[in-house]
2 protein chains.
Amino acid sequence: MKLNFSFLFALVFILTSCKKETTTTTTENDTSSSHPKLILTKQGVSDIRAQLGTIPLFDETLAKTKAEIDAEIASGIHVPIPKDLSGGYTHARHKKNFLVLQKAGVLYQILDDEKYAKYVRDVLMAYAKMYPTLPVHPQTRSYARGKIFWQCLNDSNWLVYTSQAYDCVYDWLSKEERETLENDLFRPFADYISKGNPQFFNRVHNHSTWGNVAVGMIALVMNDDELLNRALHGLEVDNLPADAKDNDGGFIKTEGQKVGFLANLDEPFSPDGYYTEGPYYQRYAMYPFLIFAQALQNVKPEQKIFEYKDGVLLKAVDALINLSDADGEFFPLNDGQKGMSYYSRELVTAVDIAYKYGGENPELLSIAEKQQKVVLDDTGLAIALGIKKGKAKPYIKKSIELRDGANGDEGAVGILRSDPMEIVFKYAAQGLSHGHYDKLSFSLYENGTEIIQDYGLARYVNIEQKGGGNYLKENKTWAKQTIAHNTITQNETSHFQGKYKIGSKNHSEKYIFDVSDENLQIASAKETNAYPGTDLQRTMVLLNDPFFSKPIVLDIMKVTSAKANQYDLPFYYLGQLIQTNFTYEVTNPPTELGTKNGYQHLYKEAEATSNGENAKLNWLLNNKFYSVTTTTSANDEIFLARIGANDPEFNLRKEPAIIIRKKNTKNAVFASVIESHGTYSPVSEFAVNAYSNVKHIEVVYDDAKYTAIIIETTENTTKLFIISNNTNSKETTHTLSINEKNYTWKGTHTLQKIN
Amino acid sequence: MKLNFSFLFALVFILTSCKKETTTTTTENDTSSSHPKLILTKQGVSDIRAQLGTIPLFDETLAKTKAEIDAEIASGIHVPIPKDLSGGYTHARHKKNFLVLQKAGVLYQILDDEKYAKYVRDVLMAYAKMYPTLPVHPQTRSYARGKIFWQCLNDSNWLVYTSQAYDCVYDWLSKEERETLENDLFRPFADYISKGNPQFFNRVHNHSTWGNVAVGMIALVMNDDELLNRALHGLEVDNLPADAKDNDGGFIKTEGQKVGFLANLDEPFSPDGYYTEGPYYQRYAMYPFLIFAQALQNVKPEQKIFEYKDGVLLKAVDALINLSDADGEFFPLNDGQKGMSYYSRELVTAVDIAYKYGGENPELLSIAEKQQKVVLDDTGLAIALGIKKGKAKPYIKKSIELRDGANGDEGAVGILRSDPMEIVFKYAAQGLSHGHYDKLSFSLYENGTEIIQDYGLARYVNIEQKGGGNYLKENKTWAKQTIAHNTITQNETSHFQGKYKIGSKNHSEKYIFDVSDENLQIASAKETNAYPGTDLQRTMVLLNDPFFSKPIVLDIMKVTSAKANQYDLPFYYLGQLIQTNFTYEVTNPPTELGTKNGYQHLYKEAEATSNGENAKLNWLLNNKFYSVTTTTSANDEIFLARIGANDPEFNLRKEPAIIIRKKNTKNAVFASVIESHGTYSPVSEFAVNAYSNVKHIEVVYDDAKYTAIIIETTENTTKLFIISNNTNSKETTHTLSINEKNYTWKGTHTLQKIN
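J.: Describe the relation of the copies chain A and chain B, naming the residues involved and giving the relevant values.
T.: Placing chain A over chain B gives an RMSD of 0.0 Å and needs a rotation angle of 180°, together with 0.1 Å of translation along the axis. The two molecules are tied by a two-fold rotation axis, judged by turn and shift. The share of interface residues of chain A whose copies in chain B are also at the interface is 100%, consistent with both copies meeting through the same surface.

J.: Pulling in residues and values, what's your account of the interface of chain A and chain B?
T.: Between chain A and chain B, the residue contacts involve 57 residues of the former and 57 residues of the latter. For the pairing of chain A and chain B, the buried interface totals around 4,400 Å² over both sides, and the portion due to carbon and sulfur atoms is 54%. The largest share of the area that chain A buries against chain B comes from Gln465, Phe650 and Glu685 of chain A, three residues that together contribute 17% of it. The tally of links from chain A across to chain B stands at 32 residue pairs in polar contact (both at pLDDT 80 or more). Per-class residue counts for the side of chain A that touches chain B are 30 nonpolar, 14 polar and 13 charged.

J.: Describe the packing of helix 5 (residues 114–130) of chain A against helix 7 (residues 175–193) of chain A, listing the residues and the values that go with them.
T.: All names here are of chain A. Closest axis-to-axis distance for the helix 5/helix 7 pair is 9 Å, and the angle between their directions is 45°. Of the possible angle classes, the one that applies to helix 5 and helix 7 is oblique. Between helix 5 and helix 7 lies a crossing of left-handed hand. On helix 7, the residues that touch Arg121, Leu124, Met125, Tyr127 and Ala128 of helix 5 are Glu177, Thr180, Leu181, Asp184, Leu185 and Phe186. For the contact of helix 5 with helix 7, a count of residues per class yields 7 nonpolar, 1 polar and 3 charged.

J.: With reference to specific residues and values, describe the pattern of salt bridges.
T.: Residues and elements named next belong to chain A. Evaluation of the coordinates by the stated rule reveals 78 salt bridges over all chains. Linking Glu346 and Arg283 is a salt bridge whose minimum nitrogen-to-oxygen distance equals 2.8 Å. Of this pair, Glu346 sits in helix 14 (residues 345–357) while Arg283 sits in helix 12 (residues 279–299), placing them 63 residues apart in sequence. For Glu346, a relative accessible area of 4% corresponds to the buried category. The partner of Asp310 in a salt bridge is Lys315, with the nearest N and O atoms 3.4 Å apart. Given the relative accessible area of 61%, Asp310 is considered exposed. When its relative accessible area of 31% is taken as the criterion, Lys315 is described as partly exposed. Sharing partners across several salt bridges, the network here consists of Lys66, Asp70 and Lys115.

J.: How would you summarise the nonpolar core if you had to cite specific residues and measurements?
T.: In this structure, Trp158, Tyr166, Leu185 and Phe186 of chain A are the most contacted members of the largest nonpolar core, which totals 137 residues. Tallying contributions element by element places helix 12 of chain A first for this core, with 14 residues. Within the second largest apolar cluster, 136 residues are counted, among which are Tyr116, Phe269, Leu290 and Ala350 of chain B.

J.: Break down helix 9 (residues 206–222) of chain A for me, with residues and values.
T.: The terminal C-alpha atoms of helix 9 of chain A lie 24 Å apart, and with 17 residues this matches the ideal 24 Å at 1.5 Å per residue to within 8%. Looking at the residues trailing helix 9 of chain A, positive phi occurs at Asn223 of chain A, about 60°.

J.: An account of the environment of Leu240 of chain B is needed here, citing residue identities and associated values.
T.: Residue and element names in this part refer to chain B. Residue position: Leu240 is located in the loop between helix 10 (225–233) and helix 11 (261–266). Along the backbone, Leu240 and Gln199 are 41 residues apart, and their C-alpha atoms lie at a distance of 6.6 Å. Apart from residues no more than four positions distant in its own chain, Leu240 is found in contact with Pro198, Gln199, Asn202, Ile252 and Lys253.

J.: Go over the packing of aromatic side chains with me, naming the residues and quoting the values.
T.: Applying the stated criterion to the full structure yields 62 aromatic pairs over all chains. Between Phe98 of chain A and Phe149 of chain A the ring centres are 6.3 Å apart and the planes differ by 70°, which places this aromatic pair in the edge-to-face class. Placement of the pair is Phe98 of chain A in helix 4 (residues 89–111) and Phe149 of chain A in the loop between helix 5 and helix 6 (152–169), with a sequence separation of 51 residues. Judged by its relative accessible area of 1%, Phe149 of chain A is buried. Measuring from centroid to centroid gives 4.9 Å for Tyr161 of chain A and Tyr287 of chain A, while their planes differ by 5°, and the two rings are stacked. Separated by 126 residues along the polypeptide, Tyr161 of chain A in helix 6 and Tyr287 of chain A in helix 12 bring together distant segments of the chain. Each member of the pair, Tyr161 of chain A as well as Tyr287 of chain A, carries the same accessibility label: buried. One residue, Lys95 of chain B, lies across the ring of Phe686 of chain A, its end atom 4.4 Å from the ring centre.

Rules of the game
- Residues numbered from 1 in each chain as written.
- Chains lettered and ligands numbered in written order.
- Predicted model: local features only at pLDDT ≥ 70, side-chain atom pairs only at ≥ 80, totals over all residues.
- Heavy atoms only, no water.
- Least-squares fit on C-alpha atoms with pLDDT ≥ 70 in both.
- Contact = heavy atoms within 4.5 Å.
- Buried area = accessible area lost by both parts, 1.4 Å probe.
- Polar contact = N/O pair within 3.5 Å; in protein donor to acceptor, adjacent residues only side chain to side chain.
- Nonpolar A, V, L, I, M, F, W, Y, C, P; charged D, E, K, R; others polar.
- Axes fitted to C-alpha atoms, helices over the stretch in contact; angles between N-to-C directions.
- Helix = DSSP H or I, 4+ residues; strand = E, 2+ residues; numbered from the N terminus.
- Parallel < 35°, antiparallel > 145°, perpendicular 65-115°, else oblique.
- Left-handed = near helix turned anticlockwise from the far one by under 90°.
- Salt bridge = Lys/Arg side-chain N within 4 Å of Asp/Glu carboxyl O.
- Buried < 20%, exposed > 50% of the residue type's maximum accessible area, 1.4 Å probe, protein only.
- Core = buried A, V, L, I, M, F, W, Y, C linked by side-chain atoms within 4.5 Å.
- Expected span 1.5 Å × (residues − 1).
- Phe/Tyr/Trp six-rings, centres within 6.5 Å; stacked < 30°, edge-to-face > 60°.
- Lys NZ or Arg CZ within 6 Å of the ring centre and 35° of its normal.

Quick look at the structure:
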């Protein structure tokens, strides 16, 4: 691989030198800085031009892009004085500008039509005219205010894209024009987001990544090693106070922490390519990581950036695709907005780059086919050619564990898949300032539809009417709180007291992740720090049994504490409640479930006191029937709850939950089975298999060493599941006596038919 | 047409006579009763066999049906003792049986494979063995209990389908077998649902239609003129008390009313083919109407049933297709379950029959293409051949007014369409016992998605967990009530006091329906009986204006009363509230909006007192932005409400509304504009045109003669709309002075740009 790139680089170099005279209007002597070189290369441009008209996906993308940019150019130049928050006109317009500029630059190169170069020059000149006198952005909400946008983050986005546009027209511009742009716009711009905002630039955070990359990209275009060094390694001096925090309550920097682009690659990415903030932000971060990597590879191949940390950047693309549901939508872990998917422009770039620089994995071609567009550069050409040659293979998402932490030792996200069900089980680290207090939480999907939901963030990104499109206060008061998640809340207090300072120092521990048996896939993890003195262990099993029409979920949440506590375990099912097997009292009108830590946002719609039998709730979503069956103890409380109390701006989605509460309890096991068992057709009006097929479940054994559950079906067959709680060796042989009968097995767990 | 059918009949007759010896195992002398003759004919069978393998849609349906029925036959015969309500096992099984029997009979004829005939015989024999000793069904909920099912209605369904099965195997059976079936099953069955249940059989109601048709179908198979006469004209003597009611509170019969199949065709169908109960029940009723019409046409062509009442049966199929949204789902008027569509088996039959007997309209072929199946008979053959020959044309649904009432003079349903928007405006009659108290209500669709909803029924059809799958009590306490609809409720009392006795005697009056200008389509109607002493007039305009990206709705609800009342006008928007332009007080916890007439099911989530300015609510649904802007007077109350109070079984959908309340008011105009104006992409995170483009609307003139509204856009253009309230002549010229300026126009209304 290394040799290939070197060779390619040499080739580009030679071809570039040869062709320059004919394709540019100015003549440069310094061939090492001949352009384009960042994302497009001279060789790439030449190849693309040669193939145009014969590469369908590339041609289609080009045609659409041309139509879009032609319309934009026809609409004139719009460079308003910055004023608005995200969602407002000036924000949206400047955002549009950088996207359009990047595309116009590419069109100039590919189509060799000066109209695009002129447009790029004219818009950049308008910015260069405005920038020197621009004050800091008038909106004061950010810890690092930008000039074009309300935060440096968006200013950095702007520079990442416009650097590419500048690279494309660099040779076409006159020396004077370049000097104006560099002196009045690019250099002061790069300085402002770095030296001017060390609290933004000198961190390990997705914000900083953008800042680093913005500076790095323009450095590569301008061939400025000082700036490039600043991008890669951060500012040498920042004078940041030790306890500085950002808007989300995240710490700016810990003592002795490395900063700059490489540090941002080192730390938040695990060896498996999982980005600690979660897939929504990983998607956002992938673009700058990969686009800069591509540029570095093109300009400074000696950096071997795609080999850095054992190829983590390429692994990250696969990790991200695996963090999406059947529709390609990312699991909304932590502050994730639902609906974001691998159809986003960031993932088009990521897939194309990963294909070209990652060994041309044919499964990526099928993702590109779904995306129905490519990047208009050398990577997009490779993808389009691969598809044209019929190389695409289906991308099969399997069960996978993605470790968290720079060294992969800070828990993980475990995904269990058995078509059509997917369990997303989170036993990871805090996830920086975008993390939620949701240790051992899970969500459940069927064929791309959330069944048991992770709420995601409380924000309407870029919808100005909702708090300027920014984080809403309910993100902190609700979405981040533990009770907003499908996990244990003890004593109505969130994990780590909801304190970032504590949470960010801790992570859950993986205990078992074993998907070797496709009919019994298991993930088990432990959390001992969320509530000091209380140990949590959750085991999730995705079970294929011929009796059930689809894979079922066995969920065992084991709680052990020296003192008595109250434990709440919610299931945020989505859909219409059809039936419960328990008698409840309706709370009319509904009352708030509590006063703080998220409880103030929950309405109690009904309340039941358990008789000690299984509690079962049957619901309907998108014409499918689901049931959760859960063990209870006598006098446990069961709440039917709904999100939406204390929500004066109607920011929350008013969706339901069932919550099991154990009071004044030291040790407890919540064992549950979740089934997708039936269908309804509003056209034929047939309800098929509308009832749960679980007759009874029971915790038949539980101590420090073992937990055993029986599942009895409606056809009276019974299976026994046993897990070893303190030895996760696959080699150990266990024998356990339950009700005077001995059970023997080898390994961490067993499932046996006992009736 | 008449000649053709006679000819066809003669031909069938001859061919039947010729072929009988070779295709049947018994020999009949009475050729006039040779079988099959109901739905399949001997000629049809011959044609189908000749074409098999060359008619894709027919062949596909046949293959699927064969696979389905082969699997059923393999599973054995299941004729359980009746026990359950709809949704339960015995109900579902017997329902499945009649559907399977009908198909098995058809397969016997088409495939000429005795296995299917044997299956039909064996299942029918099992019924014949059980039926003579069957008591009335043990479930007591129905006003007319069946024997196989809990209500005679389902028993009739059974007989309609099994008659067809019997017809298909009639000639194959021995005389003794036929005698057993007729004496032990079919005749007592027909007697039980007619003579045994006159309150079911002798009505004008969809229930009775099924009863009449069941008796008529078996009569045609058995060549029994007495039974046929009973089917067509009802029982001569029924001894029904004058005030008998059914389960839904509908009257069984009014004095002197005609009954039987023909009366059921006369009365509930309007000359436009609108069935007064609404499309959900029209769909349900179409099957027996059309299948019996087809059978009558085949056996008794002299009845000229398809010409009856100026061809109303064929018109009804077009009416029904027009009563569906862009996805083919029926508007859930009255007791309609959402999701029912022209993909239902009833509509497959209806479309196929309407095609063959209604002049082979090529637009119906495109519906059949979407349905992807045909009836396995002569009509399905015609459809499959038409499609094969490439005759299909798109079915274009236009704006249409479908008059209600036997003579078309009892109001109407007006549908205004301008892509992608559809307004469904209901100013019809009560709709028999399935009617809702919703005079002048409307709903709004965009491209097949409900934006402002009609709640539909409160029932989960055939979902046993929910009240046996039957009507829930909330259907009466909520779904039928006026406040559950997008129309005026006066003094918190439903129209006609919610009394069927009054409602069923009244209907709204159409005032204007003019869709001649595709950019200004208008429907206006009046209701003077819902609240004696109060006159309601609602005008709905679907307006195409280049300033707006999509057609907008102008809604003018004019109320005139001699005495002061309270008026509530809700808009049941679907989606997430994004923003209001008014300040409200949150009601936390929410309280019930009232104590009766549906108000007890509404939570008040917030309350505002108007300052007299426009009230605007902006919401998001499926990533589209909508706004309603409505005029208010100072001190009007505005409620943000939610369905779901007093709902102990969680039967209701907890969906939102905005309600405008005018208190202590005699005359009032509620003028509103509803816009679909923007989009959001969770992938690009761009919000486009997120805000309403209406700056201001105002009622600038209102008296008995005219109402005038101005709409000012955010670009400060202003348009004036004037409607004449008491002359709907298109020829009259009007002059009106508003603010000292004269406006002159010809016809019922005008829209003028005034700024």
